[in-house]
Amino acid sequence: AQSVAQPEDQVNVAEGNPLTVKCTYSVSGNPYLFWYVQYPNRGLQFLLKYITGDNLVKGSYGFEAEFNKSQTSFHLKKPSALVSDSALYFCAVRDLNTGFQKLVFGTGTRLLVSP
Amino acid sequence: DGGITQSPKYLFRKEGQNVTLSCEQNLNHDAMYWYRQDPGQGLRLIYYSQIVNDFQKGDIAEGYSVSREKKESFPLTVTSAQKNPTAFYLCASSIGQTGFSYNEQFFGPGTRLTVL
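Residues numbered from 1 in each chain as written. Chains lettered and ligands numbered in written order. Predicted model: local features only at pLDDT ≥ 70, side-chain atom pairs only at ≥ 80, totals over all residues. Heavy atoms only, no water.

Trainee: Explanation requested: the overall build of chain A in the structure shown.
Mentor: Across its full length, chain A holds 0 helices and 12 strands. Along its sequence from the N terminus, chain A presents helices and strands in the succession β-β-β-β-β-β-β-β-β-β-β-β. In terms of overall dimensions, chain A has a C-alpha envelope of 45 × 30 × 20 Å along the principal axes. Residue burial in chain A is summarised as follows: out of 115 residues, 49% are buried. The contacts in chain A between residues at least 6 apart in sequence include a share of 56% that link residues at least 24 apart. If you sum the accessible surface of chain A, you get close to 5200 Å²; carbon and sulfur atoms cover 49% of it. In chain A, 10 positive and 8 negative side-chain charges are present, and the distance between their average locations comes to 6 Å. (Helix = DSSP H or I, 4+ residues; strand = E, 2+ residues; numbered from the N terminus. Buried < 20%, exposed > 50% of the residue type's maximum accessible area, 1.4 Å probe, protein only. Contact = heavy atoms within 4.5 Å. Areas by Shrake-Rupley, 256 points an atom, 1.4 Å probe, with all protein chains shown as cover. Lys, Arg positive; Asp, Glu negative; His and termini not counted. Charge placed at Lys NZ, Arg CZ, Asp CG, Glu CD.)

Trainee: Honestly, the interface of chain A and chain B in this entry has me stumped. Any pointers?
Mentor: Often, the extent of an interface is quoted as the loss of accessible area on bringing the components together. With 22 residues of chain A at the contact, the number on the chain B side is 30 residues. Here chain A meets chain B over a buried area of about 2200 Å², counting both sides, of which 51% is carbon and sulfur. Considering only the side of chain A, the residues that lose the most area to chain B are A:Asn41, A:Phe100 and A:Gln101, jointly responsible for 31% of the buried surface there. Counting across the interface, chain A meets chain B through 2 salt bridges. In this structure, A:Lys102 and B:Asp59 form a salt bridge, with 3.0 Å as the shortest nitrogen-oxygen distance. At the junction of chain A with chain B, the criterion picks out 6 residue pairs in polar contact (both at pLDDT 80 or more). Residue classes in the side of chain A that touches chain B are distributed as 11 nonpolar, 7 polar and 4 charged. (Buried area = accessible area lost by both parts, 1.4 Å probe. Salt bridge = Lys/Arg side-chain N within 4 Å of Asp/Glu carboxyl O. Polar contact = N/O pair within 3.5 Å; in protein donor to acceptor, adjacent residues only side chain to side chain. Nonpolar A, V, L, I, M, F, W, Y, C, P; charged D, E, K, R; others polar.)

Trainee: What is the right way to look at the sheet that holds strand 1 (residues 4-7) of chain B in this model?
Mentor: Residues and elements named next belong to chain B. Within the open sheet, the 4 strands sit side by side as 1-3-8-7. Their pairing is antiparallel. Strands at the two margins of the open sheet, each flanked by one partner only, are strand 1 and strand 7 (64-66). Averaged over all neighbouring strand pairs, the angle between strand axes comes to 20 degrees, with direction disregarded. The pairing of strand 1 with strand 3 (residues 19-25) spans 4 bridges and is classified as antiparallel. Bridging across to strand 3, Ser7 finds its partner in Ser22. (Pairing = 2+ DSSP bridges. Axes fitted to C-alpha atoms, helices over the stretch in contact; angles between N-to-C directions.)

Trainee: What should I look at first to understand the nonpolar core in this one?
Mentor: Side chains of a nonpolar character, in soluble globular proteins, are inclined to be buried together. Formed by 27 residues in total, the largest nonpolar core has its most connected members in A:Leu33, A:Trp35, A:Leu47, A:Leu48, A:Phe74, A:Leu76 and A:Tyr89. Broken down by element, the residue count for this core peaks at 4 residues, all from strand 10 (residues 87-94) of chain A. If near-sequence neighbours (up to four positions away) are discounted, A:Tyr89 is found in contact with A:Gln6, A:Val21, A:Trp35, A:Tyr36, A:Val37, A:Leu47, A:Phe63, A:Leu76, A:Gly108, A:Thr109 and A:Leu111. Counting residues in hydrophobic clusters, the runner-up holds 21 residues, among them A:Ala92, B:Ala31, B:Tyr33 and B:Leu90. (Core = buried A, V, L, I, M, F, W, Y, C linked by side-chain atoms within 4.5 Å.)

Keep in mind these values describe shape, not function.
Here it is, written out as structure tokens:
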């Protein structure tokens, strides 16, 4: 089965420092990977996706993600964190075993950026 | 939250009542989805629809029902058979078309349902 794992429930970082939110995946075939962000009591907002090509994907709000096939990882990164980046982050993978665009989500990682 | 609206934002239900959550999109997307979000469990798929007048069960469909009479609308009914309905419900849509496997989904702002 297709799946993603987010090993950290929470990540703490000081404002201005680089941040990394980890995601590993398990798929059969080529992975289609996504990152979403959720602010309190809001829906999910799309940040970026990896389909094919360059292993470094750039997305919204200064975020980027690095696809690493050998480590089956797709970590979300940002060079300099902002307090406003504090939110819940979800990694997701396209489930290729279904005939529709099903996404399988991780359990989420809460990012707290301190001033 | 793009062109997807959900109403109401907060909903309170008494035991034994059915309630219907609204989801409307103006993105001209073919596919629509309903998810349930519980703390620490991520999102779980309840139902999905790839085209008008067609829908399929997701991973946790028991106690829920949907309809897709119009392209822009995909209401979810939480029935009294759903034993633990208190949760945050999210509607999403995407372009659809099974050949486009990499299209992202766009989410509405959610409805928080509480059973009293």
